[in-house]
Amino acid sequence: MMTDNRQEEQFLDILEKNIGIIIKIARAYSKTVHDKEDLINDITLELWKSFGRFKGDSKISTWIYRVALNTSMNSRRKKEKDKLFFLDDLKQVESQSWIIEQPDSSHSEILYQCIDELNQLNKAIILLYLDGNSYDEISDITGVSKTNVGTRINRIKEQIRNLATIKIEE
Amino acid sequence: MELLELQNMWQEYDKRLSENTRLNKEILRLMLLSKPQKKLNWIQIKAGLSTLSPIVFVTLLLVLDVQFKISTYFYIGLGLFLPIYAITYFWDIRYFNLTRDINFSMPVLSIKKTIAELEKYKIKTTRIRYLLMPIAIIGFLLMIIHSIPISFNFVSLLPLFLIILVFISSMYFTFKYSIYERFKMLNKDIDEIEQLEKE
């Protein structure tokens, strides 16, 4: 039986290793920086809540993607702001504004703007695809059949390509 | 712009994110331990609140000092009110239990489908609740009214007429537009989800 402290430590280690997934998803499903911070808190709490039930029958990343996406899609943003518990790095906070200002990193902002135009499910699929997940993994995380994942990705790629071209020209 | 370029940008962003992100574990640990209420999601909170209705109801009766007089009217009223209240409360409890089964570790589509089905259940029970409400209200009035003063003058009939009119219009608009449309949309969503799950 795992002790509470050991469970906590294990959870924190997993979170530390996978915080990137949570930040990327939270950013894609939020409109403002505050919303993003709230969503990261919500995702973390949902992960903590289901951590005890996680039996390791799927990959850790699959479990994190599922919880993060489900929380993001079903979360209602609160006005009250929680305490910031992570330093989405001092650099990161700076780099968010830096991304907008610097020409070489403004592209990730453009990419997010394009992703934002997609519906919730397509957004999830393309985020998983860009993160390098295979069709099988995307199907496992989303529940969309493998054939449908392939068809959707082709359509989304086309849509993003067009949107990116328009955004860059703007 | 080619998709490959976008993918490269994403990878760069991902790399930067991993390098620049760190956690303040102590504050995180505190948050995880000190905010258990935040571990519930909004659907469960809403469902949980509705299971508290008997407490609210009894408190109201006590605050308003409602007097019951055991008479034939009281028993007729109780016979109308109690079964309806018990049924609707049972639905609330069932809904709450269903929301507790929501597990965010499930695939995205399964959760979408479960939530759509939960909403359908909620709408269905709301619809029946609306239909039963006049009977429950009459039952409750019979329980607290000791005798029914029958007078057919304008002053006593007007408020009654207005109450009935408001109730009927509210039911009409709820069923005709909001509930019906939402129900149709949910069925469509569920069909689409099932289609996506199939090969």
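Every value quoted in this text rests on a predicted model; they were computed, and no experiment measured them. (Residues numbered from 1 in each chain as written. Chains lettered and ligands numbered in written order. Predicted model: local features only at pLDDT ≥ 70, side-chain atom pairs only at ≥ 80, totals over all residues. Heavy atoms only, no water.)

Undergrad: In this structure, what is going on with the overall build of chain A? I would like to understand it.
TA: Along the backbone of chain A there are eight helices and one strand. Each helix (α) and strand (β) of chain A, taken in turn from the N terminus, gives the series α-α-α-β-α-α-α-α-α. By residue count, 56% of the 170 residues in chain A fall in the buried class. For chain A, the share of sequence-separated contacts (at least 6 apart) that also reach a separation of at least 24 residues comes to 67%. For chain A, the exposed surface amounts to about 8100 Å²; the carbon and sulfur share of it is 49%. (Helix = DSSP H or I, 4+ residues; strand = E, 2+ residues; numbered from the N terminus. Buried < 20%, exposed > 50% of the residue type's maximum accessible area, 1.4 Å probe, protein only. Contact = heavy atoms within 4.5 Å. Areas by Shrake-Rupley, 256 points an atom, 1.4 Å probe, with all protein chains shown as cover.)

Undergrad: Would you mind going over the overall build of chain B with me for this structure?
TA: Summing up its helical and strand segments, chain B has seven helices and one strand in all. Starting at the N terminus and ending at the C terminus, chain B contains elements arranged as α-β-α-α-α-α-α-α. In chain B, buried positions account for 31% of the 199 residues. Split by element, the accessible area of chain B, about 12900 Å² in all, is 69% carbon and sulfur.

Undergrad: Where do I start with helix α2 (residues 33-51) of chain A in this structure?
TA: Along an α-helix, residues three or four apart share an orientation, since each turn contains 3.6 residues. With 19 residues, α2 of chain A extends 27 Å between its outermost C-alpha atoms, agreeing within 8% with the 27 Å of an ideal straight helix rising 1.5 Å per residue. The buried count for α2 of chain A comes to 16 of 19 residues, which makes it a mostly enclosed element. (Expected span 1.5 Å × (residues − 1).)

Undergrad: For this particular structure, what's the right way to read the confidence of the model for chain B?
TA: With 90% of its residues at a pLDDT of 70 or more, chain B has an overall mean of 82. Interface confidence for the predicted complex, given as ipTM, is 0.75, next to a pTM of 0.75. (pLDDT = per-residue confidence, 0-100.)

Undergrad: Honestly, the packing of helix α1 (residues 4-28) of chain A against α2 of chain A in this entry has me stumped. Any pointers?
TA: Residue and element names in this part refer to chain A. As a packed pair, α1 and α2 sit with axes 10 Å apart at the nearest point and diverge in direction by 140°. In terms of orientation, α1 and α2 fall into the oblique class. When you trace α1 past α2, the crossing you get is right-handed. Two secondary-structure elements touch here, α1 through Q7, E8, Q10, F11, I14, L15, I22, I23, A26 and R27 and α2 through K36, L39, I40, I43, T44, L47, W48 and F51. A class-by-class count of the residues in the contact of α1 with α2 yields 12 nonpolar, three polar and three charged. (Axes fitted to C-alpha atoms, helices over the stretch in contact; angles between N-to-C directions. Parallel < 35°, antiparallel > 145°, perpendicular 65-115°, else oblique. Left-handed = near helix turned anticlockwise from the far one by under 90°. Nonpolar A, V, L, I, M, F, W, Y, C, P; charged D, E, K, R; others polar.)

Undergrad: Help me out: how do you make sense of the environment of T174 of chain B in this one?
TA: Residues and elements named next belong to chain B. Looking at where T174 falls in the secondary structure, it is placed in helix α7 (residues 154-197). Overall, the relative accessible area of 15% leaves T174 in the buried class. Distance from T174 to N103, taken between C-alpha atoms, is 31 Å for residues 71 residues apart in sequence. Residues contacting T174, with those up to four places away along its chain left out, are Y130, I179 and Y180.

Undergrad: Quick question: what am I supposed to make of the confidence of the model for chain A here?
TA: Keep in mind that low pLDDT regions are not for reading the predicted coordinates in detail. Residues and elements named next belong to chain A. Residue-level pLDDT values for chain A average 78, and 78% of them are 70 or greater. Looking over chain A, one finds the lowest element-wise mean pLDDT in helix α4 (residues 90-101), namely 33, and the highest in helix α7 (residues 135-142), namely 94. Contacts from residues 78-104, a stretch scored under 50 in pLDDT, to residues over four places away or in other chains number 52 contacts.

Undergrad: Quick question: what am I supposed to make of a nonpolar patch on the surface here?
TA: All names here are of chain B. Together, I45, L49, L52, I55, V56, L60, V63 and L64 line one region of the surface with nonpolar side chains, adding up to about 780 Å² of accessible area. The set of elements that each furnish at least two residues to the nonpolar patch consists of α3 (42-50) and α4 (53-63). Of all the elements, α4 adds the most residues to the nonpolar patch, at four residues. By secondary structure assignment, the location of L52 is in the loop between α3 and α4. (Patch = residues over 30% accessible without salt bridge, like charges linked within 9 Å, V, L, I, M, F, W, Y side chains within 5 Å. Salt bridge = Lys/Arg side-chain N within 4 Å of Asp/Glu carboxyl O.)

Undergrad: Please clarify how unusual backbone geometry should be interpreted in this entry.
TA: Note on backbone geometry: most residues besides glycine have negative phi, and most peptide bonds are trans. All names here are of chain B. In this model, D65 sits at a positive phi of 50°, which is unusual for a non-glycine residue. Note on placement: D65 falls in the loop between α4 and α5 (72-100). Among the residues examined, D65 registers a relative accessible area of 52% and is labelled exposed.

Undergrad: Mind showing me how you'd approach the nonpolar core here?
TA: The tendency in soluble globular proteins is for nonpolar side chains to be buried as a group. By size, the foremost hydrophobic cluster in this structure holds 74 residues, and its most contacted members are F11, Y29, L47, W63, I115 and I160 of chain A. Non-local contacts of Y29 of chain A, meaning those with residues more than four positions away in its chain, are made with L39, L69, S72, M73, Q120, K123, A124 and L127 of chain A. Within the second largest apolar cluster, seven residues are counted, among which are F74, F81, A136 and M143 of chain B. (Core = buried A, V, L, I, M, F, W, Y, C linked by side-chain atoms within 4.5 Å.)

Undergrad: Is there a simple way to think about the pattern of salt bridges in this case?
TA: All chains considered together, the criterion is met by 14 salt bridges over all chains. Counted as one network, the salt bridges with shared partners bring together K24 and D131 of chain A together with D14 of chain B.

Undergrad: I would appreciate a short explanation of the packing of aromatic side chains in the present structure.
TA: Using the criterion set out here, one finds 17 aromatic pairs over all chains in the structure. On the basis of an interplanar angle of 90° and a centroid distance of 5.7 Å, the ring pair of Y112 of chain A and Y13 of chain B is categorised as edge-to-face. Taken as a pair, Y112 of chain A in helix α5 (residues 106-116) and Y13 of chain B in helix α1 (residues 3-20) lie in two separate chains rather than in one. In this structure, Y112 of chain A and Y13 of chain B share a single accessibility class: buried. Members of the aromatic cluster, each reached through a chain of ring pairs, are F11, W48, F51, F54 and W63 of chain A. (Phe/Tyr/Trp six-rings, centres within 6.5 Å; stacked < 30°, edge-to-face > 60°.)

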